[in-house]
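Each chain, written out:
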Amino acid sequence: MPDTGTLGGDHPEQTLEDVGREFPTWHCWAPGVNGFVYANLPGSFPLVVVHGKNPADLRNQIRRWIGG
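Here the residue numbering is sequential within each chain, running from 1 through the sequence in written order. With pLDDT at 70 or above as the cut-off, local features in this predicted model cover only qualifying residues; side-chain atom pairs require 80 or more to be listed or tallied, and sums for whole chains, interfaces and linings still use all residues. Water and hydrogen atoms play no part in the side-chain values, which are based on all heavy atoms of the structure.

**Student:** Lay out the nonpolar core with the relevant residues and their values.
**Tutor:** For this analysis, a nonpolar core means a set of buried residues of the types Ala, Val, Leu, Ile, Met, Phe, Trp, Tyr and Cys, connected via side-chain atoms within 4.5 Å. Whether a residue is buried, partly exposed or exposed follows from its accessible area with a 1.4 Å probe, protein chains only, as a fraction of its type maximum: under 20%, in between, or over 50%, in that order. Counting residues in each nonpolar core, the largest one holds 13 residues, and the members touching the most others are Leu-16, Trp-26, Cys-28, Ala-39, Val-50, Leu-58 and Ile-62. Strands here are runs of E lasting at least two residues and helices are runs of H or I lasting at least four, both read from the DSSP assignment and numbered beginning at the N terminus. At the level of elements, α1 (16-22), β2 (37-41), β3 (48-52) and α2 (55-66) are the ones that each hand at least two residues to this core. Of all the elements, β2 adds the most residues to this core, at 3 residues.

**Student:** A description of α2 should follow, citing residues and the corresponding values.
**Tutor:** Each helix should span, by expectation, one fewer than its residue count multiplied by 1.5 Å. With 12 residues, α2 extends 17 Å from end C-alpha to end C-alpha; this agrees with the ideal 16 Å at 1.5 Å per step. Looking at the buried side of α2, the elements it contacts are α1, β1 (27-29), β2 and β3. A 3.5 Å cut-off defines polar contacts: any pair of N or O atoms within that distance qualifies, except that in protein one atom must be a possible hydrogen donor and the other a possible acceptor, and neighbouring residues in sequence count only when both atoms are side-chain atoms. N-cap assignment for α2: the residue whose side-chain oxygen lies 3.1 Å from the backbone N of Ala-56 is Asn-54. Every residue pair with non-hydrogen atoms within 4.5 Å of one another is taken to be in contact.

**Student:** Break down the environment of Thr-25 for me, citing the residues and quoting the values.
**Tutor:** Tracing the sequence through the fold places Thr-25 in the loop between α1 and β1. Sequence spacing of Thr-25 and Asn-40 is 15 residues, and the spatial spacing of their C-alpha atoms is 8.9 Å. Apart from the residues within four sequence positions on either side, Thr-25 is in contact with Asn-40, Leu-41 and Pro-42.

**Student:** Before we move on, can you summarise the sheet that holds β1 with the specific residues and values?
**Tutor:** Strands are treated as partners if at least two bridges between them are detected by DSSP. Ordered in space as β1-β2-β3, the 3 strands form an open sheet in which the pairing is antiparallel. With partners counted over all chains shown, the strands left at the sheet margins are β1 and β3, one partner each. In this sheet, adjacent strand axes meet at a mean angle of 20° when their direction is disregarded. As defined by bridge partners, β2 adjoins β3 across 5 bridges and the pair is classed as antiparallel. Considered in β3, the bridge of Asn-40 is made with Val-49. Axis lines are fitted through C-alpha atoms, for helices just across the contact stretch, and the angle between N-to-C directions can take any value from 0 to 180 degrees. Across the sheet, α2 lies against β1, β2 and β3, angled at about 145° from β3, the strand it touches most.

**Student:** Help me get a handle on the pattern of salt bridges, residues and values and all.
**Tutor:** For this document, the term salt bridge refers to a Lys or Arg side-chain nitrogen within 4 Å of an Asp or Glu carboxyl oxygen. Per the counting criterion, the structure on display carries 3 salt bridges. Between Arg-21 and Asp-18 there is a salt bridge, and its shortest N-O distance comes to 2.5 Å. Residue Arg-21 and its partner Asp-18 are both found in helix α1; the two are separated by 3 residues, about one turn of the helix.

Right, dumping it as structure tokens:
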């Protein structure tokens, strides 16, 4: 997983590796269409794919999908 994106401001840097460690069953990748970062849940049916503007946004989208 490439190291892309930050939270910006005074927040610590957030990477796709951080998201992958928090959600080890998800596969994260970048770059994607229009610079988005993506994650999918392998083995899901139908296939689950979420995207975000940066790794922090992607983490929030995964949390939303799992209801956390």
